[in-house]
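Given next are the chains, with one letter for each unit.
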Amino acid sequence: GNSARVQAINEITKRVPMSVEMPDTLKSIWACDVFNLATMEDSLSKKAFKAIKNTVQTGAALDPATADVVAAAMKDWAMSKGVKFFSHIFYPMTNATAEKHDGFIITNADGAAITEFTGSLLIKGEPDGSSFPNGSLRMTNAARGYTAWDPTSPAYIMETDNGATLMIPSVFMSWTGEALDKKIPLLRSNCAMNEAAQKVLSLMGETEIATLNSSCGAEQEYFLVDALFANARPDLLLAGRTLFGAAPAKGQEFDDHYFGAIPERVQVFMQDFENKLYRLGIPAKTHHNEVAPGQFEIAPYFESANVASDHQQLMMTILKVTAKQHGFMCLLHEKPFAGVNGSGKHVNWSVGNATQGNLLDPGNTPNENLNFLLFCGAVIRGVHTYGPLLRAVIATASNDHRLGANEAPPAIISVYLGDQLEKLFLDIKEGKLEATASGGLMDLGLDQILKFERDPGDRNRTSPFAFTGNRFEFRAVGSSQSVSGPLVAMNTILADSLEWVADQLEKALSTDSNQVLAVITVLKKLMDEHGNVVFGGDGYSSEWHTKAVEERGLKNLPTSADALPYLRDPSIVELFESTGVLTPVELKSRFDVYAEQYILSIEVEAKLVIDMAKTTIYPTAMSYLSDLLAVVSEGSGLGITVDASTAKTIAEESNAMMTAVAELSDALAQHDFDSTDAHMNHCAFTIRPLMDKIREHGDLLECEIADELWPLPKYREMLFIK
Ligand code: ADP
Ligand code: MG
């Protein structure tokens, strides 16, 4: 055959790894394209540097005079590196990254070019509109909005279509000050968490308490597929996942003679990718793991949540761009291949500061451990009270394929603590720490707490939300998602819970001056009310699915259509309003955007399924069928009986597929929905099952039709990157 698929296979065998320039040392490139504190210290006056450093470390406002000085230094630094443009980069509600480009050069009244970049230009981008001189504006949000510099995330230089551009991390808001992005709520959630944490720590007798910040280290999984294969698959190009494709035959050895050059190409790709990250000061360490063939992982060391979130977005961009340069397509989709492990993003998260350290790290002293237990307890309460919120912030059309399937965390949100810590909390719940009250109590209590070891070691991979020694790991997050939403949710539920802890602690301390007893009292109440969310068993098992709902009272929300409406739940509206993270209007706009995205992405996929079934699979089936029928009838003319069962199967499967295509077309034509919820339900429970049905027939046809006629690259070919 001469199909794109066969051509791709031929071309790929000839590919050679791209040549990549390697730096002499890591140090010679580390953060060289970042305008960070070290760079600022070199170029600013002592006074200006002190002011900007304070802003970076505490989030305090920056005065206009300093902003001017910083802007000038930033411009000089960037221009000395050949940069001519600057861009406010921001993060709209869609998981995307958006940029507004502008030039440093303006013309003055005499027509001479001068370069201008003032504090006010740095701080505030112009409103979206038509006022951009270089015309490379990319609008992603119809709302008229302003961008504003976020001085707590460093500016950096990127190669873009415009040439080297100074990128200025920014927030994005409406002219009335409403958050239109994913950064503002993250910054606000951090403030709320800090405020509540301060209360708890002061009640615990801490005197010096620095600003608390949340931290994030996100492990990113992704697939690499050769670009020639991807280009021959409309589904990969348009939906980022395969909408058809039969599983490779069981036990089949992939024919590796096609792809001998690929492992080396992947190695070179990773080196190139890492170099780019290092230049941007992103502390990456790649893992070359192969959970599924063709699947890889990158995990940077953790940073403050705000910076980590910006870096995560940047990493996804660089992954895609670099893959393209190396002749790959990088798939960030949660489930690019049916029946093959999907991709997630494990969001490791903790909170801490310079004076008390990591509050989710069991410490060495009784006091540190009491703080740890209170913060850990607060997380337990938060996850129990707002489980549906955690499910809602990871609810996307693509992540639904992964959650609840037998390889990823279930759609039931529970907390895994590890054997030791779970036992400790259960002992508290059952009053075992109180029971020995006469004198021995204190010792026993402290002893037990002190005995607590750092790393539980036994990792439960089936839990969506796990304690992993000194942090929590939210494992149900989707690989293509911004980490900001999950971080906002975690910070906000923690803020709410720490407020509760502070109230309870205050009460307990007023009746019992013994701090240990007061903490145990609070934790016992907490575990009585919220202990049901703690689960150390197998999260994939069907027993858990039943038990979680029937005995524990937890919610099982398998689809986004089930989960997203919780964003309108009064308790969640109240949570965001009371913590000052999102106003009811801001929260509502998020529900609207996420629901619309969910509906849109399913409808786009459904149209593509119809298109591929009709214009690619059906014609291929008919052409093979006509060959078979010709042989059958020629044979019978000569008195030779040719078995017609394959022809029959192909005819039947093709007919059934086209019947389902007609049903899906009808379902897609339906437009009169009473509510967004009804529309989402239609997508989840009518459109999706019909897509699956069509696929089933299509995949059966793939297994019947002569290999050389099949036009779409097959799973065994696309996945064979090892
Ligand atoms: P594993 O695969 O066992 O989960 P990894 O080493 O791949 O572990 O990833 C762990 C991630 O957790 C890394 O990104 C690491 O930087 C991050 N991490 C470690 N400590 C913290 C912390 N205190 N806060 C947030 N993230 C953390
Ligand atoms: Mg992990």
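Nothing here was measured: the structure is a model prediction, and the numbers come from that model.

1. Remarks on the site of ligand 1
- Looking at ligand 1, there are 15 residues lining it, with Ser-215, Gly-217, Phe-302, Asn-348 and Ser-350 nearest.
- Broken down by secondary-structure element, the contributors of at least two residues to the shell around ligand 1 are β9 (213-226), β11 (295-300) and β14 (345-353).
- A per-class count over the shell around ligand 1 returns six nonpolar, seven polar and two charged.

2. With respect to the pairing of β11
- Among the six residues of β11, five are classified as buried, and the element is accordingly described as predominantly covered.
- Summarising the sheet, β9 and β11 pair through four bridges and their orientation is antiparallel. The residue of β11 that forms the bridge with Phe-223 is Gln-295.
- Taken together, the four bridges between strand β10 (residues 284-287) and β11 define a ladder with antiparallel strand orientation. From the neighbouring strand, Lys-285 faces β11, where its bridge partner is Ala-299.

3. Looking at the pairing of β14
- Most of β14 is tucked away: eight of the nine residues are buried.
- Where β9 and β14 come together, eight bridges link them in antiparallel fashion. For Asn-213, the partnering residue across the bridge sits in β14 and is Gly-352.
- When β14 meets strand β17 (residues 472-474), the two strands line up antiparallel, connected through three bridges. Counterpart to Asn-348 in the pairing with β17 is Glu-473.
- From the end of β14 to the start of strand β15 (residues 357-358), which pair antiparallel, there are three residues.

4. Quick notes on helix α14 (residues 419-429)
- For α14, the full list of buried residues reads Leu-421, Leu-424, Phe-425 and Ile-428. One side of α14 carries all its buried residues, which in axial view fall inside an arc of 90 degrees.
- Taken from the residues just after α14, Gly-431 is the one with a positive phi, measuring 75 degrees.

5. With respect to the packing of helix α4 (residues 46-58) against helix α5 (residues 64-80)
- Between α4 and α5, whose axes approach to 10 Å, the crossing angle comes to 100 degrees. By the criterion of interaxial angle, the relationship of α4 to α5 is roughly perpendicular. Counted together, Ala-48, Ala-51 and Ile-52 of α4 and Thr-66, Val-69 and Val-70 of α5 form the full contact between these two elements.
- Each residue belonging to the contact of α4 with α5 can be placed in one class, and the counts come to five nonpolar, one polar and no charged.

6. Side note on unusual backbone geometry
- The phi dihedral of Ala-31 falls on the positive side, at around 55 degrees, and the residue is not glycine.
- Locating Ala-31 in the fold gives a position in the loop between α2 (26-29) and β1 (34-35).
- The exposure class assigned to Ala-31 is partly exposed, which follows from the 18 C-beta atoms found within 10 Å.

7. Describing the packing of helix α17 (residues 484-511) against helix α21 (residues 570-579)
- Between α17 and α21, whose axes approach to 10 Å, the crossing angle comes to 80 degrees. Considering the angle they form, α17 stands roughly perpendicular to α21. In this structure, α17 uses Thr-492, Ala-495 and Asp-496 to contact α21, whose residues at the interface are Leu-575, Phe-576 and Thr-579.
- Looking at the contact of α17 with α21, its residues break down into three nonpolar, two polar and one charged.

8. Points about the domain arrangement of the protein
- What the domain assignment lists for the protein is domain 1 (31-181), domain 2 (189-596) and domain 3 (597-718).
- Class assignment for the residues of the side of domain 1 that touches domain 2 results in eight nonpolar, seven polar and two charged.

Reading the values: the criteria
- Residues numbered from 1 in each chain as written.
- Chains lettered and ligands numbered in written order.
- Predicted model: local features only at pLDDT ≥ 70, side-chain atom pairs only at ≥ 80, totals over all residues.
- Near = placed C-beta within 6 Å.
- Helix = DSSP H or I, 4+ residues; strand = E, 2+ residues; numbered from the N terminus.
- Nonpolar A, V, L, I, M, F, W, Y, C, P; charged D, E, K, R; others polar.
- Buried ≥ 20, exposed ≤ 12 C-beta atoms within 10 Å, placed from the backbone.
- Pairing = 2+ DSSP bridges.
- Arc of directions from axis to C-beta.
- Axes fitted to C-alpha atoms, helices over the stretch in contact; angles between N-to-C directions.
- Parallel < 35°, antiparallel > 145°, perpendicular 65-115°, else oblique.
- Contact = placed C-beta atoms within 7 Å.
- Domains from an automatic or database assignment.

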